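# Breakdown of the fold
Chain by chain, the residues:
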There are 2 protein chains.
Amino acid sequence: MGVFKTHLRRSGYKITAPREAVLAVLENEKGHLHPSDILLKARAIHAGVGRATVYRTLDILKMLNLVRPIYINEAGPSYMRVAGGHHHLVCSNCGKVVEFDACNAGDLQRKLARKHRFVIQSHLLEFYGQCEDCRN
Amino acid sequence: MGVFKTHLRRSGYKITAPREAVLAVLENEKGHLHPSDILLKARAIHAGVGRATVYRTLDILKMLNLVRPIYINEAGPSYMRVAGGHHHLVCSNCGKVVEFDACNAGDLQRKLARKHRFVIQSHLLEFYGQCEDCRN
DNA sequence: GCCTATATTGAGACATATTCTCACTTGGAG
DNA sequence: CTCCAAGTGAGAATATGTCTCAATATAGGC
Ligand SMILES: [Zn+2]
Ligand SMILES: [Zn+2]
Ligand SMILES: [Zn+2]
Ligand SMILES: [Zn+2]
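Residues numbered from 1 in each chain as written. Chains lettered and ligands numbered in written order. Predicted model: local features only at pLDDT ≥ 70, side-chain atom pairs only at ≥ 80, totals over all residues. Heavy atoms only, no water.

Next up on the list: the protein's contact with DNA strand D. Lining the immediate surroundings of DNA strand D are 22 residues, of which Thr16, Arg19 and Thr53 of chain A together with Lys14 and Tyr55 of chain B lie closest. Backbone atoms, meaning sugar and phosphate, make up 67% of the atoms of DNA strand D lying within 4 Å of the protein. In this structure, a base oxygen belonging to DNA strand D sits 3.0 Å away from a side-chain N or O atom of Arg51 of chain B. At the level of secondary structure, the elements contributing two or more residues to the surface near DNA strand D comprise helix 2 (17-27) and helix 4 (51-63) of chain A together with helix 4 (51-63) of chain B. The residue makeup of the surface near DNA strand D, split by class, is nine nonpolar, seven polar and six charged. (Near = heavy atom within 4 Å. Polar contact = N/O pair within 3.5 Å; in protein donor to acceptor, adjacent residues only side chain to side chain. Helix = DSSP H or I, 4+ residues; strand = E, 2+ residues; numbered from the N terminus. Nonpolar A, V, L, I, M, F, W, Y, C, P; charged D, E, K, R; others polar.)

Here it is, written out as structure tokens:
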């Protein structure tokens, strides 16, 4: 059984077919998805899933810190699993996105958490520039 | 004269009253503002500023790297001055923002630029969590 | 200062993203 | 099984951002 499903059940949420479809979509996605993509993929699993259910499920998953939004050039955030953390290199000209895993934010995160008494759950690291094709 | 105004003039943009109002709002703001706030405050300086002018001016300022978006819990990005500390520790609950300067992204940036053949101009590093007050 | 080419403007239509409402359905505790 | 609070989808409502276009204002040449 999916780990997302387990988390929701443990937190007292009912497991319904539409909700389960959305969970499956997000859990099986390596990268990031826009809510509209999530809706389409969820409907392929369980026909008729409503838009509102996607957003409601995303709210729960955000609250449980299982997914987090990422902001690329598109309109509105996309979502990705917190577990599969990765970062982006974004071309400001054509919008191309390169993903990378290497990240040395861990030390800084611990330092900041201590200094400012925050509980830090996630971070966002994005680089902006021009890709090879757009460099003219 | 405001530094934003100077930058725009130097870059060949005309200085109009509505634009000047938006510049003043952003330049005098220590924290971050949502476009709708910017519109209201700009209208207090110069009545009748249009929404489009706010977005157009934000685009210019982003391009000149004078303001940048910040993503908190709200719908859509807010904007803040690039000058000064350029990274954030954001409380997902109350929206409090702590700025910090320490940043070790430089090495990573050089590595990524070489590997993916990007010219990297800027980056965004933000940590999300709960502040002391909201940790309950 | 005056003139002119052209950048900039606001209104409002449009497009898209997200939230809300509400009558209906359903999971799952007991 | 029963029951009801939690969850649902449709579609209206709201929020956000983009675009068009005729009118206007700026900056630079004179
Ligand atoms: Zn590119
Ligand atoms: Zn990282
Ligand atoms: Zn807080
Ligand atoms: Zn940095």
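Note: a rotation about an axis with an accompanying shift along it relates these two copies of the chain. The operation relating chain B to chain A is a screw motion whose rotation component is 175 degrees, with 0.2 Å of axial translation and a residual RMSD of 2.0 Å. One copy is carried onto the other by what is essentially a two-fold rotation axis. Residue Leu125 of chain B, judged by its C-alpha, is the member of chain B lying nearest the rotation axis, at 2.2 Å. Both copies share a contact surface, since 97% of the interface residues of chain B are interface residues in chain A too. (Least-squares fit on C-alpha atoms with pLDDT ≥ 70 in both. Contact = heavy atoms within 4.5 Å.)

Further remarks concern the domain arrangement of chain A. Residue and element names in this part refer to chain A. Segmentation of chain A into domains returns domain 1 (3-80) and domain 2 (83-135). Domain 1 and domain 2 are separated by 22 Å when their C-alpha centres are compared. Contacts between the two partners involve ten residues from domain 1, matched on the other side by 16 residues from domain 2. Buried area between domain 1 and domain 2, both sides added, is near 900 Å², and the carbon and sulfur share of it is 54%. (Domains from an automatic or database assignment. Buried area = accessible area lost by both parts, 1.4 Å probe.)

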